[in-house]
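# Analysis of the macromolecular model
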Amino acid sequence: MARIKVIEEKCTGCGACVDACPFGAIRVEEMAVIDEEKCTLCGACVEACPLGALKLEEVVRTGMDTSKYRGVWVFAEQRHGKVSGVAYELLNVGRRLADDLGEKLTAVVFGPIGEDAVRELIYRGADRVLWADDERLAQFHDDTYAGVLAEMAQAERPEIILCGATSIGRSFFPKAAAKLGTGLTADCTGLEIDKERRLLVQTRPAFGGNIMATILTPDHRPQMATVRHKVMKEAPRQEGREGEVVKWSPRPENLASRTTLVEFVEEVEETVNLADADIIVSGGRGLGGPENFALIRELAMLLGGAVGASRAAVDAGWIPYSHQVGQTGRTVSPKLYIACGISGAIQHLVGMQSSDVIVAINKDPEAPIFKVATFGIVGDLFEVVPALIERLKRRKG
Amino acid sequence: MDIVVCIKQVPETTEVKIDPQTKTLVREGIPGIVNPFDMYAIEEGLRLKERYGGKVKVLTMGPPQAEDALREALAMGADEAVLLSDKALAGSDTLATSYALSMAVRKLGYDLVICGKQAVDGDTAQVGPEMAEHLGVPFVAWVRKVEEVSDGKIKVQRLMDDGYEVLEMPLPALITVVKEINEPRLPSLRGKMRARKAQIPVWTVEDIGADPSRVGLEGSPTQVVRVFTPERRAGGEILQGEPEEVADKLVEKLEAMGVI
Amino acid sequence: MPNYFLTEEQMMIRDLARQIAEEKVKPVRAELDEKEEFPWEIVRILAQADLFRVWVPEEYGGLGGGTLELCLATEELSRACAGVAVTYAGSALGGTPILLFGNEEQKEKYLPPLASGEKLAAFALTEPDAGSDAAAISTTAEKVEGGYVLNGTKQWITNGGEAEIYVVIAMTDKTKGARGASAFIVEKGWEGFGFGKKERKMGIRASATRELIFQDCFVPKENLLGREGMGFIVAMRTFDRTRPGIGAQSVGIAQGALDEALAYAHQRHQFGRPISSFQAIQHMLADMATQIEAARALVYYAARLIDSGEKDISKISAMAKLFASDVAMRVTTDAVQIFGGYGYMREYPVEKMMRDAKITQIYEGTNQIMRNIIAGELIKELASRR
């Protein structure tokens with residue numbers, strides 16, 4: 001059985017491994033002692049040991065003959081017939097990986113999306129498009145999507161398949177990986193090729209982004225990963241770029257879904273619950289009046305976030321109490337908090353200072369909000385916020 | 001209806017902080033809690049039982065102390081709990097974990113399996129869908145409402161980025177639920193007393209009839225080769241320049257950090 | 001915090017009450033206070049958590065605990081919001097006379113819905129002209145065929161209007177003074193039983209305080225609690241058991257204020273350092289903590305003595321209420337002082353705690369009456385030793 005081995009001759013009990021262990025599984029009793037109940041074999045301690053006294057004892061893995069797998073695939077997700085932006089991001093990273101391996105890049109696409117959309121995938125870097133142009137794949141179902149992708153992969157044996165970490169991708173891709181009996185790494189933010197070993201080096205955040213992990217799928221193929229949306233840039237468009245389009249006729253059993261769609265109800269996000277929001281854009285006294293909350297709303301909408309406010313803005317009657325962040329309002333801890341025209345009274349700070357990233361936009365360089373801000377912008381919010389909105393609109397395309 | 005809810009014990013991540021000097025996780029005194037998303041799964045299981053009758057069985061895989069998570073579920077009202085615990089399971093990735101859990105679920109017997117959408121420590125959201133594949137049952141992820149169960153079918157709403165889809169599938173099936181689905185109840189005193197006294201069976205790899213080569217590190221295709229602390233900019237970086245310039249800089253930085 | 005040798009079940013009650021206080025009460029307390037809104041949602045949560053069951057015997061759907069268990073839950077809820085806590089404890093106050101003096105039928109009928117939290121109870125003694133001088137009550141209960149007819153007005157009744165079950169003290173024989181009072185169980189909705197306006201209070205504003213108005217309200221004889229003429233005994237025995245609860249409420253309010261003051265003192269910087277590094281603040285915090293611990297010890301002791309079956313509990317009960325409520329007033333005042341100007345603002349919770357604390361020195365017998373009781377008992381003891 002696999003375990004972390006302490007090499008007694010080398011260990012001095014320095015404790016570097018104790019600090020490095022994310023799971024609290026190591027203590028020092030003259031030498032490092034591993035609590036095997038807690039140890040997850042993550043290897044952080046092995047990395048941290050300055051003396052090389054820790055070793056992950058090798059295990060025999062039942063792998064596959066990896067040499068038979070070649071090429072990089074990306075899954076080009078479509079929704080209601082339209083290829084989503086994440087597909088172009090994947091083509092960008094996929095192109096780089098394929099070039100590093102000296103292999104072809106294939107885009108896999110399902111459903112009747114039309115020749116133009118297929119050609120666009122080639123313009124964006126695909127050498128080849130594997131197109132299951134079947135009406136029954138227009139609507140996303142886990143059974144059909146996982147089934148057809150697995151069927152293709154079994155037949156063609158790519159070494160890497162990437163998919164967007166979207167609602168669709170994170171649902172069916174694990175199912176496909178399980179069908180193929182291979183490894184899958186979720187929500188990657190970094191992908192590189194270890195050229196020596198022809199391996200995909202996958203990096204992803206864990207523990208709410210507090211730590212990063214590098215993950216390999218050494219002995220199984222394909223190496224599968226979902227990629228976080230908006231982390232990678234979209235592939236540049238090269239009009240007229242040439243490539244091959246291969247139509248794929250899926251096996252009938254893979255076109256039968258056990259889930260049936262009764263209806264789709266479109267919902268345009270309006271108000272996001274403050275406490276649950278990943279992104280909050282807040283306005284304060286600096287806005288000067290209720291009409292200027294329109295700026296805050298626009299910025300929030302662009303970011304898919306919620307609108308917050310300081311007490312001053314609420315007390316002035318510019319925005320309802322339900323938006324108030326702070327001691328008497330909501331306590332929030334989003335991934336991103338953008339404070340516009342908020343000076344940062346203690347009562348406000350206690351309600352938001354545990355946010356992951358705080359951006360402060362304020363005229364007064366002495367404003368206390370800058371002390372907690374990850375990024376501070378000293379300036380007129382009526383200039384900075386519109387510039388930011390412009391920039392984000394361009395980014396959305 | 002027999003409902004199996006799969007839960008995970010996780011460190012209370014909101015309390016996980018990085019030591020600015022050593023750049024490592026400060027984890028002293030971090031209590032183990034039930035993965036918050038699994039609380040919605042437990043609650044939904046209990047509500048479905050209240051609507052349609054049957055039993056709610058909770059299952060977790062983990063070290064012996066993961067039993068606390070099961071007791072919490074029992075205190076909320078679950079009927080039975082099973083701990084899948086075996087040193088041979090250490091180092092399991094999502095494929096191996098989902099395989100082991102699916103074997104335990106089979107042994108428990110079920111009409112519906114409910115999982116939280118993801119665990120907050122690993123954030124992979126893979127174990128649910130992979131279990132569905134191992135079990136060979138239909139599944140729907142991101143369920144925000146169970147509309148009804150009737151005639152051996154379940155009708156659910158799946159939350160998508162642009163709205164929601166109403167889907168129907170035959171039982172047995174598996175769903176993963178999102179937080180919009182309900183508000184988990186607090187435990188009751190009588191529930192806690194019952195939970196305290198409950199005997200929780202511990203199952204091993206052998207008990208569930210799993211293939212030892214498909215669990216643990218051996219059965220895991222993925223391998224964590226390195227864990228490290230992300231580079232963090234010290235707080236208080238002031239961005240300077242014209243509005244357009246700072247807007248560009250800010251968006252770039254936020255993109256690089258993966259927050260937008 | 002010392003663990004006071006609590007049993008595992010008692011710790012469970014304390015911990016669950018604390019969890020509810022933290023997760024469900026704290027986020028809404030300011031709004032409940034501001035809007036003077038009755039906390040039905042919280043009552044439902046407390047019921048679902050079995051907290052209304054703690055003081056009720058098992059045969060009536062309870063968990064078989066006693067005064068200490070009730071005190072533990074009350075203290076924890078008070079730590080977050082005394083208005084919510086008094087709503088909870090007020091139901092126990094209304095149920096206690098039924099537990100102590102009710103016959104089997106009455107207990108079987110009225111205790112289970114109180115234990116489940118499906119219904120709330122209230123206790124009605126005070127009248128516009130009868131506060132500390134309880135013997136001056138003028139509500140009458142005239143004996144008629146098959147029961148009694150109640151007439152009169154009760155004032156400042158906690159849970160009034162929201163509760164379903166009321167224990168009401170009324171005069172069955174005015175000529176006998178205190179010995180002419182009797183206790184009745186009256187249900188909301190009975191003809192001739194109505195409510196006056198909801199009072200607007202200084203503190204505990206989430207709780208409902210109303211007038212009860214009886215106009216020829218018929219109460220069947222089965223709802224006489226104990227015997228005719230026992231009304232004051234019912235009231236006094238009830239208070240003897242529930243006063244430690246006011247003590248627990250006081251301890252909770254004080255503890256909540258200390259928690260806030262300590263956290264603030266640590267965070268607030270003046271003259272370039274946290275104010276908790278100044279001895280003036282440190283000594284205040286030390287005194288606050290010491291007083292709270294002394295009050296808690298006395299309250300728990302009183303509760304345990306009651307639960308042990310001891311009969312002679314008036315003095316210790318009054319002491320617990322007197323001491324703890326005075327501590328609550330002092331500690332909350334000091335907490336506001338530590339917060340300085342911020343403490344006086346409604347953005348911060350300590351001014352509410354100070355407003356909430358004041359009532360603990362007044363209700364269920366003013367602290368002046370508590371001293372009368374204690375002194376009276378002391379003199380009685382001296383006399384009996386002679």
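Predicted, not measured: the structure shown is a model, and the values here were computed from it. (Residues numbered from 1 in each chain as written. Chains lettered and ligands numbered in written order. Predicted model: local features only at pLDDT ≥ 70, side-chain atom pairs only at ≥ 80, totals over all residues.)

### Observations concerning the overall build of chain B
- Along chain B, the regular secondary structure elements total six helices and 15 strands.
- Seen along its three principal axes, the alpha-carbon backbone of chain B occupies a region of about 65 × 40 × 40 Å.
- Relative to its 260 residues, chain B shows a buried fraction of 55%.
- A fraction of 70% describes how many contacts in chain B between residues 6 or more apart in sequence connect residues 24 or more apart. (Helix = DSSP H or I, 4+ residues; strand = E, 2+ residues; numbered from the N terminus. Buried ≥ 20, exposed ≤ 12 C-beta atoms within 10 Å, placed from the backbone. Contact = placed C-beta atoms within 7 Å.)

### Focus on the environment of Ala367(A)
All names here are of chain A.
- Summarising the element assignment, Ala367 is placed in the loop between strand E21 (357-362) and helix H10 (369-372).
- C-alpha separation for the pair Ala367 and Leu91, spaced 276 residues apart in sequence, amounts to 44 Å.
- Filtering out sequence-adjacent residues up to four positions away, Ala367 remains in contact with Ser343, Gly344 and Asn362.

### Let's talk about the sheet that holds strand E12 (residues 190-194) of chain A
- Pairing is antiparallel in the open sheet, where four strands are placed in the order E12(A)-E13(A)-E14(A)-E14(B). Looking at the sheet topology across the chains shown, the edges are occupied by E12 of chain A together with strand E14 (223-228) of chain B. Within this sheet the neighbouring strands show an average axis-to-axis angle of 25 degrees, counted without direction.
- Where strand E13 (residues 199-206) of chain A lies against strand E14 (residues 211-216) of chain A, five bridges are found, and the strand directions are antiparallel. From the neighbouring strand, Pro205(A) faces E14(A), where its bridge partner is Met212(A). (Pairing = 2+ DSSP bridges. Axes fitted to C-alpha atoms, helices over the stretch in contact; angles between N-to-C directions.)

### What about the domain arrangement of chain A?
- Domain parsing of chain A yields domain 1 (4-56), domain 2 (66-255) and domain 3 (274-396).
- If you average the C-alpha positions of domain 1 of chain A and of domain 3 of chain A, the two centres end up 44 Å apart. (Domains from an automatic or database assignment.)

### Points about helix H6 (residues 243-256) of chain B
- Its 14 residues place the ends of H6(B) 20 Å apart at the C-alpha level, agreeing with the 20 Å of an ideal helix rising 1.5 Å per residue.
- Taken residue by residue, H6(B) has Pro243(B), Val246(B), Ala247(B), Leu250(B) and Leu254(B) as its buried positions. In an axial view of H6(B), the angular spread of the buried residues amounts to 105 degrees, which keeps them on one side of the axis. Along H6(B), exposed side chains directed more than 90 degrees from the buried face belong to Glu245(B), Glu252(B) and Ala256(B).
- Looking at the buried residues of H6(B), the elements they touch are strand E20 (336-340), E21, strand E22 (375-378) and helix H11 (381-396) of chain A together with strand E15 (237-239) of chain B. (Expected span 1.5 Å × (residues − 1). Arc of directions from axis to C-beta.)

### So, the nonpolar core
- If you look at the biggest cluster of nonpolar residues, it comprises 164 residues, and the most contacted ones within it are Val5(B), Ala73(B) and Ala100(B).
- If we ignore the near neighbours within four places in the chain, the residues touching Val5(B) are Ala41(B), Ile42(B), Gly45(B), Val56(B), Val58(B), Ala73(B) and Ile114(B). (Core = buried A, V, L, I, M, F, W, Y, C linked by C-beta atoms within 7 Å.)

### What about the packing of helix H7 (residues 293-303) of chain A against H11(A)?
Residue and element names in this part refer to chain A.
- The geometry of H7 relative to H11 is characterised by a closest axis approach of 10 Å and an angle of 25 degrees between their N-to-C directions. If you check the angle between H7 and H11, you find them roughly parallel. Of the two possible hands of crossing, H7 and H11 adopt the one that is left-handed. Counting all contacts with H7, which are made through Leu295, Glu298, Leu299, Leu302 and Leu303, the residues of H11 involved are Val385, Leu388, Ile389, Leu392 and Lys393. (Parallel < 35°, antiparallel > 145°, perpendicular 65-115°, else oblique. Left-handed = near helix turned anticlockwise from the far one by under 90°.)

### Describing the domain arrangement of chain B
- Here the domain parsing of chain B yields domain 1 (2-214) and domain 2 (230-260).
- If you average the C-alpha positions of domain 1 of chain B and of domain 2 of chain B, the two centres end up 38 Å apart.

### What about unusual backbone geometry?
- Between Arg221(A) and Pro222(A) the backbone carries a cis peptide bond, its omega angle lying at -10 degrees.
- Position of Pro222(A) relative to the elements: it lies in the loop between E14 and strand E15 (223-227).

### Describing the confidence of the model for chain A
- With 94% of its residues at a pLDDT of 70 or more, chain A shows a mean pLDDT of 88.
- The weakest mean pLDDT in chain A belongs to helix H9 (residues 346-352) of chain A at 77; the strongest belongs to strand E5 (residues 72-75) of chain A at 98. (pLDDT = per-residue confidence, 0-100.)

### Regarding the interface of chain B and chain A
- The interface of chain B with chain A comprises 80 residues on the first partner and 91 residues on the second.
- Listing elements by their share of the side of chain B that touches chain A, those giving two or more residues are helix H3 (94-108), helix H4 (127-135), strand E9 (139-150), strand E10 (153-160), strand E11 (163-170), E14, E15 and H6 of chain B.
- Looking at the side of chain B that touches chain A element by element, the count peaks at 10 residues for H6(B).
- Partitioning the side of chain B that touches chain A into residue classes produces 41 nonpolar, 19 polar and 20 charged. (Nonpolar A, V, L, I, M, F, W, Y, C, P; charged D, E, K, R; others polar.)

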